[in-house]
Amino acid sequence: MASGEDHEIQEERLALLSVLQELTVAALDLFDPRQSMAIFLERLAERLSCIAVLVLVEPTPLAPRLLDAAGLSASSRALPIPPRSPAVAGAPLGEGAGLSLPYPELARPGLVTWHFSLEGQGDSGASGLILCFEGEPPFAPRYRGMMRRLASTFRTALVHRLLYARMIENERERARHLAAAEAGRAAAEAAQRRAAFLSEASRLLSSSLNYEATLVRVARLPVPFVADWCMVDIIEREAMLRRAVVVHADPQKSELARLLQGQTPMDAILPAGVSRVLQTGEAVLCEIAGAPAPERERAAYDGEPPVSASEALLRELGLQRYISVPLVTRGTMLGVLTIASGRDDLPYGVEDRALAEDLGRRAALAIDNARLYESAQRAIRAREELVAVVSHDLKSPLATIVMNTSLLRRKLPSSDEAAELRRPVERIQKSADRMNRLIRDLLDLAKLEGGHISVQPVTHDVAVLLGDALELLREEAAEKSLRLELGVELGVERALCDRERILQVIANLVGNAIKFTPAGGEVAVRAEPWGREVRVSVRDTGPGIPDDQRARIFERYWQAKETAHKGTGLGLSIAKALVEVHGGRIWVESKVGEGSTFFFTLPTAEAPGATTGVVAGTRLGA
């Protein structure tokens, strides 16, 4: 009888060992964190005839939590486990001390639970294993030790699972860092390419001021770096747009692209995005219907109506997507720049729109500069035509008037009877002289503005030069009963200058002083050493110049309201330009009610680096 029982125990033992061996092998799958723990727990419950198998973890003392389970519904799994009593503090969760399980599946009479600790050397990520039986287990309690070995194997599998999971996460983190670094490098390289492109664009756009050539250069810049083709639309007049240039990367389509050029009403311009830019002043990024955008870029696109029959030409050119940006400068819209793509491997996103907007700003500035230059050139040509008219059509008859007036004055008798005839002739003579000076000023102004005036500096005796200048003006000063004085200090000998041009400067300054000084006043001209220069001053006892007018006194055509009828406003600006051509400077000091003093400097003949030869003039106001 005893031998029969031993045989039965032996068979039971072998059957249990077979089950445990099977479960031990199954536990090896838990090494891989990508494999579900629940599958193993369900198999464990099935082979050991458990109604439930629970794996608990206690991340904080006395606060157990369900990690995974077999035999529980989803709603049961969501139920929180009540905290363990503080009375069992320090007792391992695996022993079940103070543990209360809230699951309905376990609320049945005769429930038997076996608790196994999963804590020990190495972190397993779990604290306890609970096997739940309906009544006594199908194997005797004496095999509890064998179950502990199974629990130990399960724990070992969990330790390796956790280590493997950390290794996988580390690899994923490393891959993420590598991807981020690669993306950063790619972004940096793309940013560098964009910066290089914009820098080269700025260089090319600033290399010419020809208007039409600038438009062509603007259209060619983005092709093929960021576009298959490019269009430049310019607002020519109200409600009309000129498609000035269309450039295509494919030479075979270039002729076709040029068919888009020409005048078009703004409300009929294609593609539709150009009209939107004209209306809103904001850039648009459009995808043509029938040419789907990549998913990652789709959010960046604005919608556009389906392609109509009138857009057949754009279809033939391969238009799939495009960016239109406004050409705006100084608050004025000049037109629209459009870059277009006809390839799936050239998508557009927000970065491309930002690049196009930056290019548009630079292009608008270049186009505006070219327009201004063209306008300035037209003004220069008009001025030159006017100068030609003045120099030919006015100087010739004026010379005849002056010559015949002089002849008439000489032939008039000197008797008192001829005095009434002499006065009108003298008035004619003075008016002719004034007109002659005006013509000379206009011609000088044209030369100065064009940078064509030249001087021939040679050494001159300063005292002789000033004396000759005043001698020409003494008669005019005498008519107003003005004292005209000249003083040259010791140390002033010779200056390097163009005699005729400096006589013109002195005539302007002294002539103004005579003009604005009341009768009985004084005009004094002085020369004195001024470092390595000679400083010439012209002082008068006139009304003086208010502070608010002094800063503008050397501007072209500027005159104070109270003296606007006494001149052309060109004399002082011409004098300033002539002095600066000589390498000197000119300025004024004045006090209202006490008169004014104008100063200018000239290089001495001994000054190193003194101007010699022909010197090109400078523009007025420069």
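Let me begin by describing the structure that accompanies this report. No experiment lies behind these values; they were computed from the predicted model shown. Throughout this description, residue numbers start from 1 for each chain and increase along the sequence as written. Whole-chain, interface and lining totals are the exception, using all residues; otherwise, since this is a predicted model, local features are given only for residues with pLDDT of at least 70 and side-chain atom pairs are given and counted only at 80 or more. Only hydrogens and water are set aside; all other atoms, that is, all heavy atoms of the structure, feed into the side-chain values.

Details of the sheet that holds strand 13 (residues 483-488)
Pairing between strands is defined by DSSP: at least two bridges between them are needed. Only runs of H or I of at least four residues qualify as helices and only runs of E of at least two qualify as strands under DSSP, and these elements are numbered from the N terminus. Strand order in this open sheet of five strands is 13-15-16-18-17, and the pairing throughout is mixed. Whereas interior strands pair on both sides, the edge strands pair on one side only; in this sheet they are strand 13 and strand 17 (586-591). The sheet shows a mean angle of 15° between the axes of neighbouring strands, direction not considered. Both strand 13 and strand 15 (residues 522-530) contribute to a ladder of six bridges, which runs parallel. Bridge pairing in strand 15 links L486 to V525. Between N-to-C directions, angles cover 0 to 180 degrees, with each direction set by a line fitted to C-alpha atoms, over the stretch in contact for helices.

Quick look at the sheet that holds strand 2 (residues 63-70)
Strand order in the open sheet made by the four strands is 2-1-4-3, with antiparallel pairing throughout. Each end of this open sheet is capped by a strand with a single partner; those strands are strand 2 and strand 3 (111-117). With strand direction ignored, the average angle separating the axes of adjacent strands in the sheet is 25°. Here six bridges tie strand 1 (residues 52-60) to strand 2, and the two strands are oriented antiparallel to one another. Each residue of the ladder has a partner; that of T60, found in strand 2, is A63. In the packing of helix 2 (residues 37-47) onto the sheet, the strands contacted are strand 1, strand 2 and strand 4 (128-134), and the crossing angle to strand 2 comes to about 75°. Contacts between residues were defined by any pair of non-hydrogen atoms, one from each residue, lying within 4.5 Å. Contacts between helix 4 (residues 144-205) and the sheet are confined to strand 1, strand 3 and strand 4, with strand 3 contributing the most and set at about 55° to the helix.

Observations concerning the packing of helix 2 against helix 4
Closest axis-to-axis distance for the helix 2/helix 4 pair is 13 Å, and the angle between their directions is 170°. If you check the angle between helix 2 and helix 4, you find them roughly antiparallel. Between helix 2 and helix 4, the contacting residues are M37, F40, L41 and L44 on the first element and L150, F154, L158 and R161 on the second. An angle below 35 degrees is read as roughly parallel, one above 145 as roughly antiparallel, one from 65 to 115 as roughly perpendicular, and any other as oblique.

As for the nonpolar core
Only buried residues count toward a nonpolar core, which is a set of Ala, Val, Leu, Ile, Met, Phe, Trp, Tyr and Cys residues joined through side-chain atoms within 4.5 Å. Burial classes: relative accessible area under 20% of the type maximum marks a residue as buried, over 50% as exposed, and values in between as partly exposed (1.4 Å probe, protein chains only). Ranked by internal contacts, the top residues of the largest apolar core, which has 43 residues, are L509, V510, I553, F598 and F600. At the level of elements, helix 11 (462-471), strand 14 (494-497), helix 13 (499-516), strand 15, strand 16 (533-540), helix 15 (571-581), strand 17 and strand 18 (595-603) are the ones that each hand at least two residues to this core. When residues in this core are grouped by element, the largest group, eight residues, is from helix 13. Contacts of F598, omitting those with residues within four sequence positions, involve L509, V536, S537, V538, I545, I553, F554, L572, W587 and V588. Core analysis: the second largest hydrophobic core is formed by 36 residues, Y211, L221, A283 and A370 among them.

A word on the environment of S481
Following the sequence through the fold, S481 ends up in the loop between helix 12 (474-479) and strand 13. Along the chain, S481 and P518 lie 37 residues apart, while their C-alpha atoms are 8.9 Å from each other. Aside from chain neighbours lying at most four places away, what touches S481 is A519, G520 and G521.

A few points about the environment of A219
Among the structural elements, A219 can be located in helix 5 (residues 211-220). Those residues within four positions of A219 in sequence are excluded, and the remaining contacts are C230, V232, V245 and V247.

Quick word on the pairing of strand 15
Pairing of strand 15 with strand 16, which is carried by eight bridges, proceeds in the antiparallel orientation. When the bridges of strand 16 are listed, P529 appears paired with V534. Once strand 15 ends, the chain turns through two residues before running back antiparallel as strand 16, passing G531 with a positive phi of about 65°.

Brief notes about the pattern of salt bridges
By definition, a salt bridge exists where a carboxyl oxygen of Asp or Glu is found within 4 Å of a side-chain nitrogen of Lys or Arg. For the coordinates displayed, the defined rule picks out 31 salt bridges. Of the charged contacts in the structure, one is a salt bridge between E500 and R499, with a shortest N-O distance of 3.8 Å. It is possible to trace a salt-bridge network through shared partners that takes in E22, R43 and R47.

Quick look at the packing of helix 13 against helix 15
Contact pair helix 13 / helix 15: the axes reach a minimum separation of 9 Å and the direction vectors enclose 145°. Along this stretch, helix 13 crosses helix 15, giving a crossing that reads as left-handed. Contacts between helix 13 and helix 15 involve R501, Q504, V505, N508, L509 and N512 from the first element and G571, L572, I574, A575, L578 and V579 from the second. Each residue gets one of three labels, nonpolar for Ala, Val, Leu, Ile, Met, Phe, Trp, Tyr, Cys and Pro, charged for Asp, Glu, Lys and Arg, and polar for the others, Gly among them. Residue classes in the contact of helix 13 with helix 15 are distributed as seven nonpolar, four polar and one charged. Each crossing is labelled by how the near helix is turned from the far one, with a counterclockwise turn of less than a right angle marking it left-handed and a clockwise turn marking it right-handed.

Let's talk about helix 13
The end-to-end C-alpha distance of helix 13 is 26 Å, a good match for the 26 Å that 18 residues give at a rise of 1.5 Å each. For helix 13, the buried fraction is high: 13 of the 18 residues fall into the buried class. Whenever two N or O atoms come within 3.5 Å, that pair is a polar contact, provided that in protein one can donate a hydrogen and the other can accept it, and provided that, for residues adjacent in sequence, both atoms are side-chain atoms. Capping the start of helix 13, D498 holds a side-chain oxygen 3.2 Å from the backbone nitrogen of E500, two or three residues further along. Expected helix span is taken as 1.5 Å per residue step, with the number of steps being one fewer than the number of residues.

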